[in-house]
Amino acid sequence: MDAFYGSVELLRYPQLKGLPVVIGGGRRRVDEAIRGLPEGGTLADIPVGSFPLLKDYTGRGVITTATYPARQFGVGSAMGLMKAAKLCPQAIILPVDFDEYRRYSRAFKQVILEVAPLMEDRGVDEVYIDFTDVPGGQRDGGRSLARLIQKAILDATGLTCSIGVAPNKLIAKMASEFEKPNGISVVYEDDLETRIWPLPCRKVNGIGPKADEKLKRFGIETVGQLAAHDRDWLVANFGKATGAWMHEVAWGRDNRPVVTESEPVSMSRETTFERDLHAVRDRAELGAIFTQLCEKLAEDLQRKGYVGKTIGIKLRYDDFRIATRDQTIDRFTADAKTIRQTGGQCLKRVPLERPLRLLGVRVGALAKAGSPEALAPAGAQRTAPEPVATTASLF
């Protein structure tokens, strides 16, 4: 989907089309940050001048997404809002509304399933589709069916998407970025040298910043330069698994099927604070936040029909270091109190002298609620060893 969160917001506020808009900084609570709704009017009637501007933002939030006009100023996802304000102070800032984004996500995926039932869900705004046996799927190299899907999604939701059509998932993912927004790119096997090899290695899904940096130290900046190195050299420098994988992707090889059913490994909730909080001085506030995170996570598990046995926590300190701890209990749960209690035990095992920027909680080792695995009698409890001493009061 094209700038998905931003595009959903523009359906709500069509008067902002063509303007730089960033989404982030906090969750939506009705429209408390927006003033000027005329009496008897709709959200579409709010004057543009009534929306808050990025230049006036103060806080520690990050951008969830930005519209294409904002991206032209170098503003992008995961960037701090204060930094973004220096690049594009005139941008309008809107809070996130995950409930609305999930609603549109379900809607566009349902449209796709009615056309092409072999669909792999890859998150809120992306899917893989297998065209192989869809009637008309091979016509015009798949372009005809791609156009049909684009039109059906637009008619049903008002949203646009960009589609990459290719022999496998690896190249299709890369191709979907070629003609954004609202584009279709068809890449054949014979196009590897002309269309894939000139791309930066970072465009390969799976090559992250650290791997890209290491590749550049070897003078490898493009996919074609990566393909010029043999498998043995890559294995020697990047390890057996990663080196072999890099060799395959550089030559456009990917045999992964489209997977229509997959179970989540874990679920989590986390929040970044507007100001640093300390485990002692801000104990009550941190405790309330942690309890709320556990309750929201329990609601997520129950709504999606899962239970889990491994409960963990995540902290990010003021110096951006991260600490995680987890503990496995003897029975599956989706109970907020159990998650809170076990998470609290995990917190006893991390240093708490430094102020905190972020707090998160996670439940892993998931099983379907009511499944034989989830209903099996509790086994011997496995817990992490207790620390010799704690460094601060537990919040």
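It should be noted that the structure appears before, not after, this text.
Reference entry: report on the structure contained in this document. Bear in mind the structure is a predicted one, so any value in this text is a computation, not a measurement. Each chain has its residues counted from 1, running along the sequence as written. Where local features are concerned, this predicted model is filtered to residues with pLDDT of at least 70; where side-chain atom pairs are given and counted, the filter is 80 or more; whole-chain, interface and lining totals use all residues. Calculation of side-chain values draws on the structure's entire complement of heavy atoms; hydrogens and water are dropped beforehand.

## A word on the overall build of the protein chain
Then, in step 1: Only runs of H or I of at least four residues qualify as helices and only runs of E of at least two qualify as strands under DSSP, and these elements are numbered from the N terminus. Counting its regular elements, the protein chain contains 14 helices and 12 strands.
Then, in step 2: A compact globule built from 395 residues should have a C-alpha radius of gyration of about 21 Å, and the protein chain, at 24 Å, falls within 12% of that.
Then, in step 3: Relative to its full complement of 395 residues, the protein chain shows a buried share of 44%.
Then, in step 4: Residue contacts are defined here by distance: any two heavy atoms, one from each residue, within 4.5 Å place the two residues in contact. Of the contacts made within the protein chain by residues no fewer than 6 positions apart, 66% connect residues no fewer than 24 positions apart.
Then, in step 5: Residue exposure ignores everything except the shown protein chains as possible cover, and the areas themselves are Shrake-Rupley values with a 1.4 Å probe. Total accessible area on the protein chain stands at roughly 20700 Å², and carbon and sulfur atoms take up 51% of it.
Then, in step 6: Positive charges are assigned to Lys and Arg, negative charges to Asp and Glu, while His and the chain termini are left out of the count. Throughout, a charge is located at the NZ atom of Lys, the CZ atom of Arg, the CG atom of Asp or the CD atom of Glu. Treating the 56 positive side-chain charges of the protein chain as one cloud and the 50 negative ones as another, the clouds have centres 5 Å apart. We take the radius of gyration over the C-alpha atoms and set the globule estimate at 2.2 Å times the residue count to the 0.38 power. For the exposure calls, accessible area comes from a 1.4 Å probe over protein chains only, and a residue counts as buried if that area is under 20% of its type's maximum, exposed if over 50%, partly exposed in between.

## What about the layout of surface pockets?
Remark: the empty space left among the atoms is shown by a probe the size of a water molecule rolled over them.
Then, in step 1: In this analysis a 1.4 Å probe is tested at points of a 1 Å grid over the protein atoms alone, and where it fits but cannot get out there is a cavity; an open set with protein on both sides within 12 Å along at least five of seven lines is a pocket; lining residues have an atom within 4 Å of a point. Grid points are joined across faces, edges and corners, and a volume is the space filled by probe spheres set on the points. Taken as a whole, the second largest pocket holds about 1200 Å³ of empty space.
Then, in step 2: Together, 46 residues line the second largest pocket, and Glu126, Val127, Ala172, Lys173 and Ser176 are the ones closest to its centre.
Then, in step 3: Mapped by element, the contributors of at least two residues to the lining of the second largest pocket are helix H1 (4-12), strand S2 (63-66), helix H2 (68-71), helix H4 (98-115), strand S5 (127-129), helix H5 (143-157), strand S6 (163-165) and helix H6 (169-175).
Then, in step 4: Grouping the amino acids of the lining of the second largest pocket by side-chain chemistry returns 25 nonpolar, 12 polar and nine charged. When residues are sorted by character, Ala, Val, Leu, Ile, Met, Phe, Trp, Tyr, Cys and Pro go into the nonpolar class, Asp, Glu, Lys and Arg into the charged class, and all the rest, Gly among them, into the polar class.

## Quick notes on the nonpolar core
Then, in step 1: In these notes, a set of buried Ala, Val, Leu, Ile, Met, Phe, Trp, Tyr and Cys residues joined through side-chain atoms within 4.5 Å is what counts as a nonpolar core. With 35 residues, the main nonpolar core has Leu301, Leu315, Ile339 and Val350 as its most contacted residues.
Then, in step 2: Broken down by secondary-structure element, the contributors of at least two residues to this core are strand S8 (266-277), helix H12 (283-304), strand S9 (306-317), strand S10 (322-333), helix H13 (336-347) and strand S11 (356-364).
Then, in step 3: Take this core: its biggest share by element is eight residues, from H12.
Then, in step 4: Phe4, Val8, Leu94 and Ile184 belong to the second largest nonpolar core, which has 34 residues in total.

## Thoughts on the packing of aromatic side chains
Then, in step 1: Note on aromatic pairs: the rings of Phe, Tyr and Trp (six-membered ring only in Trp) are paired at centre separations within 6.5 Å, and the planes decide the class, stacked below 30 degrees, edge-to-face beyond 60, tilted for the rest. Tallied over the entire structure, the rule returns nine aromatic pairs.
Then, in step 2: Measuring from centroid to centroid gives 4.1 Å for Tyr5 and Tyr101, while their planes differ by 10 degrees, and the two rings are stacked. Of this pair, Tyr5 sits in helix H1 while Tyr101 sits in helix H4, and the two are 96 residues apart along the sequence.
Then, in step 3: Overall, Tyr101 belongs to the buried group, its relative accessible area being 1%.
Then, in step 4: Here the aromatic residues Phe4, Tyr5, Phe98, Tyr101 and Phe108 are joined through ring pairs into a cluster of three or more.

## Examining H5
Then, in step 1: A helix is expected to reach a length of 1.5 Å times the quantity of its residues less one. If you check H5, its first and last C-alpha atoms are 21 Å apart, about what 15 residues at 1.5 Å a residue would give, namely 21 Å.
Then, in step 2: Inspection of H5 places Leu145, Ala146, Ile149, Gln150, Ile153 and Thr157 among the buried residues, and these make up the whole buried set. With its buried residues spanning 140 degrees around the axis, H5 presents them on a single face. Exposed and oriented more than 90 degrees from the buried face of H5 are Lys151 and Asp155.
Then, in step 3: Once H5 finishes, Gly158 follows within two positions and takes phi at roughly 80 degrees, a positive value. Here, the arc refers to the directions that run from the helix axis to the C-beta atoms.

## Brief notes about helix H11 (residues 240-250)
Then, in step 1: Along H11, the positions that sit buried rather than exposed are Gly243, Met246, His247, Val249 and Ala250.
Then, in step 2: Where H11 is buried, its residues touch H6, helix H7 (192-196), helix H8 (209-217), helix H9 (223-227) and helix H10 (231-238).

## Things to note about the environment of Lys309
Then, in step 1: Here Lys309 lies in strand S9.
Then, in step 2: Apart from residues no more than four positions distant in its own chain, Lys309 is found in contact with Gln327, Thr328, Ile329, Asp330, Arg331, Phe332, Gly364 and Ala365.

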